[in-house]
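Fold and contact review
For reference, the chains in residue letters:
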Amino acid sequence: MLEQMRQQSRSLLIYVLFGIVIAVFIINFGPQSPGGCNKGRAVQSSVEGARVKGHLLSRQDYLYGMMMVGAQNIPPQRAKMMRLHETIMDMLIDREIMASEAERAGFRVTDEEVEDFIAESKLIGLGREQKAPVFEQDGVFSHEAFRKFVQFQLGMTPRSFIEQQRREMLANRMRDSLRAGVAVSPVEVKDDWVQQADQVNVEYLRFPVRRYESEIEVKPEDLVKYAAANQETLKKLYDERKAALYEKQPKQRHLRQILVKVKAEATPAELTAAQKKAEALAARIRKGEAFAKVAKAASEDERTKGRGGDLGWQRVGGTMLDPDVDAKVTAAKDGELVGPVKTASGFVLVLSEATREGTIAFDAAKLELAESKLREEKSKAMAKAEADAALAKIKASPDKSLKELYPAPEEGDSGSGSPAKSKGVSAEETGLFSRRGSTVAAVGKAPVMAKAIFALTKDAPVAGPIEELGSFMVVKLKERKEPDLADFEKNKVGLIEDAAKRKSGMVVMEWALQRCREARAAKQIEVNSDLLRYEGGPEGAIQYEPCSPPQMF
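Positions within a chain are numbered from 1, following the residues in the order the chain's sequence is written. Owing to the predicted nature of the model, reporting of local features is limited to residues with pLDDT of at least 70; listing and counting of side-chain atom pairs is limited to 80 or more, with chain, interface and lining totals taken over all residues. Excluding hydrogens and water, the side-chain figures rest on all heavy atoms present in the structure.

Within the protein, the regular secondary structure consists of 19 helices and 18 strands. Out of the 553 residues in the protein, the part that is buried amounts to 43%. Here, residues are in contact when the closest pair of their heavy atoms is within 4.5 Å. Here the analysis covers contacts within the protein between residues at least 6 apart in sequence; of these, 73% occur between residues at least 24 apart. Put simply, DSSP H or I for four residues or longer makes a helix, DSSP E for two residues or longer makes a strand, and each gets a number counted from the N terminus. A 1.4 Å probe rolled over the protein chains alone gives each residue an accessible area, and that area as a share of the maximum for its type sets the label: buried under 20%, exposed over 50%, partly exposed in between.

A few words now on the nonpolar core. Put simply, a nonpolar core is a bunch of buried Ala, Val, Leu, Ile, Met, Phe, Trp, Tyr and Cys residues held in one set by side-chain atoms that sit within 4.5 Å of each other. Met98, Ile118, Leu123, Phe135, Phe149, Leu154 and Phe161 are the most contacted members of the largest nonpolar core, which totals 29 residues. Elements with a contribution of two residues or more to this core: helix H2 (59–68), helix H4 (84–104), helix H5 (111–119), strand E3 (122–125), helix H6 (143–153), helix H7 (158–180) and helix H19 (485–521). Ranked by residue count, the leading element in this core is H7, at 7 residues. Formed by 25 residues, the second largest nonpolar core is a distinct cluster that contains Tyr62, Met66, Leu532 and Cys547.

In this section: the environment of Leu369. For Leu369, the position within the fold is in helix H15 (residues 362–396). Setting aside residues up to four positions removed in sequence, Leu369 forms contacts with Leu234, Leu237, Tyr238, Arg241, Tyr246 and Phe362.

It is worth spelling out the environment of Val262 at this point. Position of Val262 among the secondary structure elements: in the loop between strand E8 (249–261) and helix H11 (268–286). By relative accessible area, Val262 is classed as buried at 12%. When the C-alpha atoms of Val262 and Ser345 are compared, they prove to be 6.0 Å apart, with 83 residues separating the residues in sequence. Excluding residues within four positions of it along the chain, Val262 makes contact with Leu271, Ala274, Ala344, Ser345, Gly346 and Phe347.

Right, let's get into the packing of aromatic side chains. When two rings of Phe, Tyr or Trp (its six-membered ring) have centres within 6.5 Å they constitute a pair, described as stacked for plane angles under 30 degrees, edge-to-face for angles over 60, and tilted for the intermediate range. A full pass over the atoms with the stated rule returns 10 aromatic pairs. Here the aromatic rings of Phe135 and Phe146 are separated by 5.2 Å at their centres, their planes lie at 85°, and the arrangement is edge-to-face. Remark: Phe146 occurs in helix H6 and Phe135 occurs in the loop between strand E4 (128–131) and strand E5 (136–137); sequence separation between them is 11 residues. What makes Phe146 buried here is its relative accessible area of 3%.

So, about helix H12 (residues 291–298). Where H12 is concerned, the buried positions are Phe291, Val294, Ala295 and Ala298. Along H12, the residues classed as buried sweep out an arc of 100° about the axis, all on the same side. H12 presents Lys293 and Ala297 as exposed residues on the side facing more than 90 degrees away from its buried surface. Tucked inside the fold, the buried residues of H12 contact E8, H11, helix H13 (302–305), strand E10 (337–342) and strand E11 (346–358). Think of the arc as the fan of directions from the helix axis to the C-beta atoms.

Here we come to the state of the cysteines. Working definition of a disulfide: a covalent bond connecting the sulfur atoms of two cysteines. Any two cysteine sulfur atoms lying within 2.5 Å of each other are counted as a disulfide. The tally for this structure, following the rule as stated, stands at 1 disulfide. Two residues share a disulfide in this structure: Cys516 and Cys547, whose sulfurs sit 2.0 Å from each other. Across the disulfide from Cys516 to Cys547, rotation about the S-S bond amounts to roughly -70°, and the bridge is consequently left-handed. With Cys516 in helix H19 and Cys547 in the segment after strand E18 (525–527), this residue pair connects regions lying 31 residues apart in the sequence.

We now examine unusual backbone geometry. The step from Gly339 to Pro340 runs through a cis peptide bond, and the omega angle for that step is 5°. Within the element layout of this structure, Pro340 appears in strand E10. Not every positive phi belongs to a glycine, and Lys53 is a case in point at roughly 50°. For Lys53, the location among the structural elements is in the loop between strand E1 (48–52) and strand E2 (55–58). If you check the backbone angles, Leu126 has positive phi at about 50° while not being a glycine. Its place among the elements puts Leu126 in the loop between E3 and E4.

For the rest of this paragraph, the subject is the sheet that holds strand E9 (residues 310–315). Any two strands between which DSSP finds at least two bridges are classified as paired. Strand order across the open sheet formed by 4 strands is E9-E8-E11-E10, with antiparallel pairing between neighbours. The sheet is open, and its two edges are formed by E9 and E10, each paired on a single side. Taken over all neighbouring pairs, the strand axes of this sheet differ in orientation by 30° on average, direction set aside. In terms of strand pairing, E10 meets E11 through 4 bridges, oriented antiparallel. Here an angle of 0 to 180 degrees is reported between the N-to-C directions of two axes, which are lines fitted to C-alpha atoms, with helices fitted over the stretch in contact.

This part covers the packing of H2 against H7. Close contact between H2 and H7 brings their axes to 12 Å; oriented N to C, the two are set at 75°. With respect to H7, the element H2 is oriented roughly perpendicular. Residues Gln60, Asp61 and Tyr64 of H2 form the contact with H7, whose own contacting residues are Ser160, Phe161, Gln164, Gln165 and Glu168. Residue composition of the contact of H2 with H7, grouped by class: 2 nonpolar, 4 polar and 2 charged. Should an angle fall under 35 degrees it is taken as roughly parallel, and over 145 as roughly antiparallel, whereas 65 to 115 is taken as roughly perpendicular and any remaining angle as oblique. Each residue gets one label: Ala, Val, Leu, Ile, Met, Phe, Trp, Tyr, Cys and Pro are nonpolar, Asp, Glu, Lys and Arg are charged, and the others, such as Gly, are polar.

Now for the side chain of Thr304. Looking at the element boundaries, Thr304 is found in helix H13. Look at Thr304 and you get buried, because its relative accessible area is 1%. Those residues within four positions of Thr304 in sequence are excluded, and the remaining contacts are Gln257, Gly309, Asp310 and Leu311.

Structural measurements only, silent on function.
In structure tokens form, the structure reads like this:
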């Protein structure tokens, strides 16, 4: 529960930020201050700003909200980025929802109560109670100072300001009533604190499954055998992919590619040598040698080389090939070799093996699906085998860090050398982090990995292989910062108070948001969004949706 509160408390921060702005405004924005000139005033108008559950929020009410946060001192572009106008309207609607519910619950605030509150040199600005030294003269409340502030700074009469404060006080009484029913267990606070104080830093290796696909050789007889043994699985996969891949398809061709790379800064001699190599490969294919066999032996496209240059099914006229190559492939027949064609990457040879369009039946797609599944299974097995080997190597060298065993490749390293380097496997590190649900620092949401990491100890510092996020992971504990319970006991009272504030704030926010959405669904909220336009912005009303969760600036 407290973890959820902590995550959602960022939404509450917007109100804290507004409170700080209000406090600065009230302290510094006195009647004679340069920021208090009449540029912030607007001519009073009876045009509606909004209507919330039958209560009118006038244009003047909206201007009151703007002045309460000193919005006239914020540049329009900055205000727009902060969503300042929309947020002020959100907070005014929130106030009216709270005030309306307070009245329904039987709460009442008299004019005398408001006047006594103001006489203590206090005000409430959009839910936050503040000391108001601008109401004072020589440290004592002055009705004349109050009147001047309200009239010249807010552009209001004392009577209308008192009504604003009455609505603010009603809303705060409803909030206080909701907070009063919120309690936080000391045990819950302690458990949450222990989780946050328990921090770990781990090194880890990542073996992505897809990295091994290009190394896998799948023979035609293997596909036939796999398809026969996994008919039901493949039919289910076909049904899942049918709408996207096999129904009403445009004309497609099954392509293979061979690439002979040419550097951007290649000399004429290098360019000639690459062209001759490509022409020699084309001659071998035209003499009858299988394209896939030549691609696997000689192509310099690492992504497709291991698969015999297979590019899969490509839409005619919309392939991923160079436009010049694409045009030639489109004009060629199935089985006709295209190339060598010079591209930005080098010289390319392409072969179209088959053509299809329309709806592709299961029997026609079966071997394609079988290859996809078989490659996936073999890739997963290879990745796990590499991870198992790494785990054994790590356990055999307990005094060495993962970064010593699997260093990052040096700048300019071509990838040759150790198997680890050739596959790009090098140690990574999370840095110290605490429990955040299923999140692992530097990795992301990884529930299995997170659970394994926080089970690591000095006596059992290694775990894996852990299958997560399309990879197999191996982790090793580098550092653990244990919770200091004496520190908790020392700060327990404050921690419980903070947790109660967070929880009560979240309860109030969610309750008000729910009431707001109910009112919106009942068409009890109307907003004149013309009021929310920013100076220098486009003409017309802006897009605004009331009852949205509070946004960060």
